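Each chain is listed here by its residues.
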Amino acid sequence: MFSAELLTRLAQELDQSQKSRQQIEHFSKRFPGMTVEDGYRVSREWVRMQTAAGRKVIGHKIGLTSRAMQIASQIDEPDYGTLLDSMLYTCTEGQVLDIPFGNFIAPRVEVELAFVLKAPLAGPGLPGGKEVTLDDVLAATEYVTPAIEIIDARIEQFDRHTKAMRKVYDTISDNAANAGIVVGARRAAPASLDLPWCGAVLRQNGAVEETGLAAGVQGHPAIGVAWLANKLAPWGESLQPGQLVLAGSFTRPVAARPGDLFEADYGPLGALRFRMKA
């Protein structure tokens, strides 16, 4: 298990990487005995540093929800990270929102649904907690809305010397690669939607790059939210009213370049349009 001093040092490295836009080498290479728990402890220390600097926690993200991504990462469950107010970008219907490319290092775009809660979800062992189910998530959700996640890599994806791909411990340490969230399309009560059949078309500079259905997220996007509530419980944490939870991508990540124009069309749920401003 990493010491408190090492956790602080690694979290500071992530913070400096974000500020300088210079990626750092794999933690898992430097510390071969690293575990998943070590990764989450680094991520929590990074979040602690951000909140100490004045940022606010606004929710959580779930990643690696597809079976293919889990196999590639050599794990058998998703991962998760924390959303901060500094990551949030809000557009309005019909607007093209400019997002500075310089806020990121190597951004990629994923298509998701977000659940915004009206009631707490506490897993086993917490006061009033229990094993959270899909039905519990739906009952606790105020509305579901389209969301784009902008993922990024403070830790380099491929080792600069060996070209080996980073391990899941590195991604978890790096706040599950989260760097931005775009919202602003329509909102709907979960009971009004057939959630697995909610879909989207992602265009990049007018060309269709990805299409997908929310069923690609473990069969139903609320399954991941229930998993997250249960997974947070041993850390003494729960999902809270007003928080936004990104349920997981149902498209592959699409690399963004300066000047790229993206449109994610969710049909009846509206569209999100933004430009990565150079």
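Below is a summary of the structure that appears in this document.

Criteria and thresholds
Residues numbered from 1 in each chain as written. Predicted model: local features only at pLDDT ≥ 70, side-chain atom pairs only at ≥ 80, totals over all residues. Heavy atoms only, no water. Buried < 20%, exposed > 50% of the residue type's maximum accessible area, 1.4 Å probe, protein only. Helix = DSSP H or I, 4+ residues; strand = E, 2+ residues; numbered from the N terminus. Pairing = 2+ DSSP bridges. Polar contact = N/O pair within 3.5 Å; in protein donor to acceptor, adjacent residues only side chain to side chain. Contact = heavy atoms within 4.5 Å. 1 Å grid on protein atoms, 1.4 Å probe; cavity = no way out; pocket = protein on both sides within 12 Å on 5 of 7 lines; lining within 4 Å. Points joined across faces, edges and corners; volume = space filled by probe spheres on them. Nonpolar A, V, L, I, M, F, W, Y, C, P; charged D, E, K, R; others polar. Axes fitted to C-alpha atoms, helices over the stretch in contact; angles between N-to-C directions. Phe/Tyr/Trp six-rings, centres within 6.5 Å; stacked < 30°, edge-to-face > 60°. Lys NZ or Arg CZ within 6 Å of the ring centre and 35° of its normal. Expected span 1.5 Å × (residues − 1). Parallel < 35°, antiparallel > 145°, perpendicular 65-115°, else oblique. Left-handed = near helix turned anticlockwise from the far one by under 90°. Core = buried A, V, L, I, M, F, W, Y, C linked by side-chain atoms within 4.5 Å. Salt bridge = Lys/Arg side-chain N within 4 Å of Asp/Glu carboxyl O.

## A look at the pairing of strand β6 (residues 141–151)
Counting buried positions along β6 yields 10 of 11 residues, so the element is predominantly enclosed. As defined by bridge partners, β6 adjoins strand β7 (residues 178–183) across 4 bridges and the pair is classed as antiparallel. The residue bridging Ile151 from the neighbouring strand is Asn178, located in β7.

## Focus: the side chain of Asn230
Mapped onto the elements, Asn230 comes out in helix α7 (residues 221–232). Polar contacts involving the side chain of Asn230 include one to the main-chain amide nitrogen of Val132, which spans 2.8 Å. Ignoring sequence-local partners within four residues, the contact set of Asn230 consists of Gly123, Pro124, Lys130, Glu131 and Val132.

## So, the layout of surface pockets
Estimates place the volume of the second largest pocket at around 320 Å³. Gln18, Trp46, Gln50, Arg55 and Ser86 are the residues nearest the centre of the second largest pocket, which is lined by 18 residues in total. Of all the elements in the fold, those that place two or more residues in the lining of the second largest pocket are α1 (4–20) and α3 (36–52). Within the lining of the second largest pocket, the residues separate by chemical class into 9 nonpolar, 4 polar and 5 charged.

## Brief notes about the sheet that holds strand β13 (residues 271–277)
The strand order across the open sheet formed by 5 strands is β4-β13-β12-β8-β9, and the pairing between neighbours is mixed. Strands at the two margins of the open sheet, each flanked by one partner only, are β4 (97–100) and β9 (207–213). Here the average twist between neighbouring strands, direction ignored, is 20°. As judged from the 5 bridges shared by strand β12 (residues 261–265) and β13, these two strands associate in the antiparallel manner. Within β13, the position partnered with Ala264 by the bridge is Leu272.

## A short note on the packing of aromatic side chains
For the coordinates displayed, the defined rule picks out 6 aromatic pairs. Between Phe262 and Phe274 the ring centres are 5.3 Å apart and the planes differ by 20°, which places this aromatic pair in the stacked class. With Phe262 in strand β12 and Phe274 in strand β13, this pair connects stretches of sequence that are 12 residues apart. Comparing Phe262 with Phe274, the two get one shared label, buried. One aromatic cluster is present, formed by Tyr40, Tyr80, Trp227 and Trp235 through successive ring pairs. Positioned above the aromatic ring of Trp46 is the side chain of Arg154, whose terminal nitrogen or guanidinium carbon lies 5.9 Å from the ring centre.

## Some details on α1
Relative to the 24 Å expected for 17 residues at 1.5 Å per residue, α1 spans 24 Å between its end C-alpha atoms, a close match to the ideal helical length. Buried residues of α1: Leu6, Leu7, Leu10, Ala11, Glu13, Leu14, Asp15 and Ser17, and no others. Buried residues in α1 make contact with α2 (27–30), α3 and α6 (168–173). After α1 finishes, the residue Arg21 shows a positive phi value of roughly 60°.

## Focus: the packing of α1 against α3
It is the contact of α1 with α3, at a shortest axis distance of 8 Å, that shows an interaxial angle of 60°. Overall, the two elements α1 and α3 adopt an arrangement that is oblique. Every pair of crossing elements has a handedness; the one defined by α1 and α3 is right-handed. Residue-level inspection shows Leu7, Thr8, Leu10, Ala11, Gln12, Leu14, Asp15 and Gln18 of α1 in contact with α3, the latter providing Asp38, Arg41, Val42, Glu45, Trp46, Met49 and Gln50. Residues of the contact of α1 with α3, tallied by class, amount to 7 nonpolar, 4 polar and 4 charged.

## Quick look at the nonpolar core
Ile148 and Tyr266 are the most contacted members of the largest nonpolar core, which has 54 residues in total. Examining the composition of this core, we find that 7 residues originate from one element, α7, more than from any other. Here Ile148 is in contact with Val109, Glu110, Val111, Gly180, Ile181, Val182, Ala264, Tyr266, Leu272 and Phe274, once residues within four sequence places are set aside. Counting 27 residues, the second largest nonpolar core, distinct from the first, contains Phe31, Leu83, Met87 and Val116.

## Quick look at the pattern of salt bridges
In total, this model carries 19 salt bridges according to the counting rule given. The salt bridge partner of Asp15 is Lys19, with a shortest N-O separation of 3.0 Å. Separated by 4 residues within a single helix, Asp15 and Lys19 lie in helix α1, roughly one turn from each other. Among the salt bridges present, the one from Arg160 reaches Glu156, with a minimum N-O distance of 3.0 Å. The class for Glu156 is buried, based on a relative accessible area of 6%. One salt-bridge network, in which partners are shared between bridges, spans Arg9, Glu13 and Arg30.

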